[in-house]
Amino acid sequence: MKQIKTVGVLTGGGDCPGLNAVIRSIVKAGNACGLTTLGIKNGFGGLVNNEWTQLTAQDVSGILPRGGTILGTTNRDNPFHFPVADHEYADLSARAVTNLQQRGVEALIVIGGDGSLRIADEFRQKYNLAVIAVPKTIDNDLPGTERTFGFDTAISIAMEALDRLHTTAESHHRVMILEVMGRYAGWIALHAGVAGGADCILLPEIPFRISSVINKVRERQQQEKMFSIAVVAEGARLTGGSPVVARIVDGSPDRIRLGGIGNQLAQAVEEEGRIETRCTVLGHLQRGGSPTAYDRILATRYGVAAVNAVQDGEFGCMMALKNNRIVRVPIEQVAGKPANIPLDDDLIRAARAIGVCFGD
Ligand SMILES: Nc1ncnc2c1ncn2[C@@H]1O[C@H](COP(=O)(O)OP(=O)(O)O)[C@@H](O)[C@H]1O
Ligand SMILES: O=P(O)(O)OC[C@H]1O[C@](O)(COP(=O)(O)O)[C@@H](O)[C@@H]1O
Ligand SMILES: [Mg+2]
């Protein structure tokens, strides 16, 4: 087996805490076995536009606790459908492959989510490119792994927001609604909701009724709890309805950005339930800042595992957490597959058992 000497690494999609920890881990573990790591700036856009940066031990020094990505990222540019002019696209994937070859890059490590995985898989299929993926996203919406890094930090931030909303809700006898991210999956809402003691948790996986939320608020009032807290995932929807779209992002393959359900819910609860209600949209705070200890550890393990896969010459795989071990799963098994919360999820059951309302 030919030993690989140079790898490229890029970060794709929305940023998330722990990206720098993975980059650091790849560079350090790579150095230890004689591997040179080159950084590609700004995700797949930078691969097409030939934007590179060196990644030596010095370059990654001190980045473990830093949020974001030192490489930059984008959730737009897809090399197979690349924006070349206004509303005009071309397949520039061959140029991306040439750019890799010219730098002597023999394998590409993609740190990304579902969108990045699809692109990595297309490079593997069409060019037989040696790709390895590391599962990144605050949304935890990737199949094949029990955890993506970034998720733990996001739920910790959302939990703290819920703690803070509790004290003001209690003082004013109000309903407080927190809208969290997650795209079409409810992982952030479910985990933050349970950790933050929410009374209602509204998920994309379980369409909800306003009346059910109001009933929960009233039930609590009868128990002399004059305030209630609800967490709503940005992808949650009313029974028979669709998710609320906040904006359309041109040039992004997944053009839809969700958001707005929290304010709609607040208005409905206030009008129909006749109780003062406020909504907070947590937004990009969930993606910013320093990773938790859990995410730093997971990110470090993923980085080392990616280098091990390069050393073993095993490509076309995503690093995954299974039973607290890092394993390799074929990218083709996970790319393009949804990763929603199963309805019999243990945490949904536990939450129901302690009286949490899911709006159904
Ligand atoms: N359905 C899709 N098909 C092909 N490429 C996609 C798709 N969705 C997103 N992408 C591309 O994948 C990259 C990452 O996008 P995004 O989905 O936002 O992030 P993530 O990798 O975290 O899921 C971007 O370059 C984007 O253009
Ligand atoms: O940064 P943008 O374009 O507003 O995108 C927001 C979306 O990105 C996320 O924060 C992360 O999603 P990805 O991991 O797929 O990039 C979603 O939770 C949210 O819906
Ligand atoms: Mg995604």
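Residues numbered from 1 in each chain as written. Chains lettered and ligands numbered in written order. Predicted model: local features only at pLDDT ≥ 70, side-chain atom pairs only at ≥ 80, totals over all residues. Heavy atoms only, no water.

- Going by an unreviewed UniProt entry, the protein carries the name ATP-dependent 6-phosphofructokinase and comes from Lucifera butyrica.
- Taken from UniProt, the Cofactor (unreviewed entry) comment for the protein reads in full: "Mg(2+)".
- The Pathway (unreviewed entry) field of the UniProt record for the protein holds the comment "Carbohydrate degradation; glycolysis; D-glyceraldehyde 3-phosphate and glycerone phosphate from D-glucose: step 3/4." (UniProt positions renumbered as here; feature names shortened; annotations may be inferred.)

### Description of a nonpolar patch on the surface
Next, step 1: The grouping of Tyr184, Val245, Ile248 and Ile256 at the surface amounts to a nonpolar patch, some 320 Å² of accessible area in total.
Next, step 2: Position of tyrosine 184 among the secondary structure elements: in the loop between strand S8 (175-180) and helix H6 (187-195).
Next, step 3: Given a relative accessible area of 38%, tyrosine 184 falls into the partly exposed group. (Patch = residues over 30% accessible without salt bridge, like charges linked within 9 Å, V, L, I, M, F, W, Y side chains within 5 Å. Areas by Shrake-Rupley, 256 points an atom, 1.4 Å probe, with all protein chains shown as cover. Salt bridge = Lys/Arg side-chain N within 4 Å of Asp/Glu carboxyl O. Helix = DSSP H or I, 4+ residues; strand = E, 2+ residues; numbered from the N terminus. Buried < 20%, exposed > 50% of the residue type's maximum accessible area, 1.4 Å probe, protein only.)

### Topic: the site of ligand 1
Next, step 1: Looking at ligand 1, there are 17 residues lining it, with Arg76, Asp77, Asp114, Ser116 and Lys136 nearest.
Next, step 2: Taking aspartate 77, its main chain carries an N or O atom lying 2.6 Å from an oxygen atom of ligand 1.
Next, step 3: In the complex, 88% of the free accessible area of ligand 1, which totals 540 Å², lies under the protein chains.
Next, step 4: Of the residues forming the shell around ligand 1, the biggest block, five residues, is contributed by helix H4 (residues 114-127).
Next, step 5: Tallied by class, the residues present in the shell around ligand 1 amount to two nonpolar, nine polar and six charged. (Near = heavy atom within 4 Å. Polar contact = N/O pair within 3.5 Å; in protein donor to acceptor, adjacent residues only side chain to side chain. Nonpolar A, V, L, I, M, F, W, Y, C, P; charged D, E, K, R; others polar.)

### Quick notes on the side chain of threonine 145
Next, step 1: By the secondary structure assignment, threonine 145 is in the loop between strand S7 (131-135) and helix H5 (151-172).
Next, step 2: Separated by 2.9 Å, the side chain of threonine 145 and the backbone oxygen of arginine 147 make a polar contact.
Next, step 3: Here leucine 321 takes part through its backbone nitrogen, which lies 2.8 Å from a polar atom of the side chain of threonine 145.
Next, step 4: In this structure threonine 145 touches Pro135, Tyr302, Met318, Ala320 and Leu321, once residues within four positions along its chain are discounted. (Contact = heavy atoms within 4.5 Å.)

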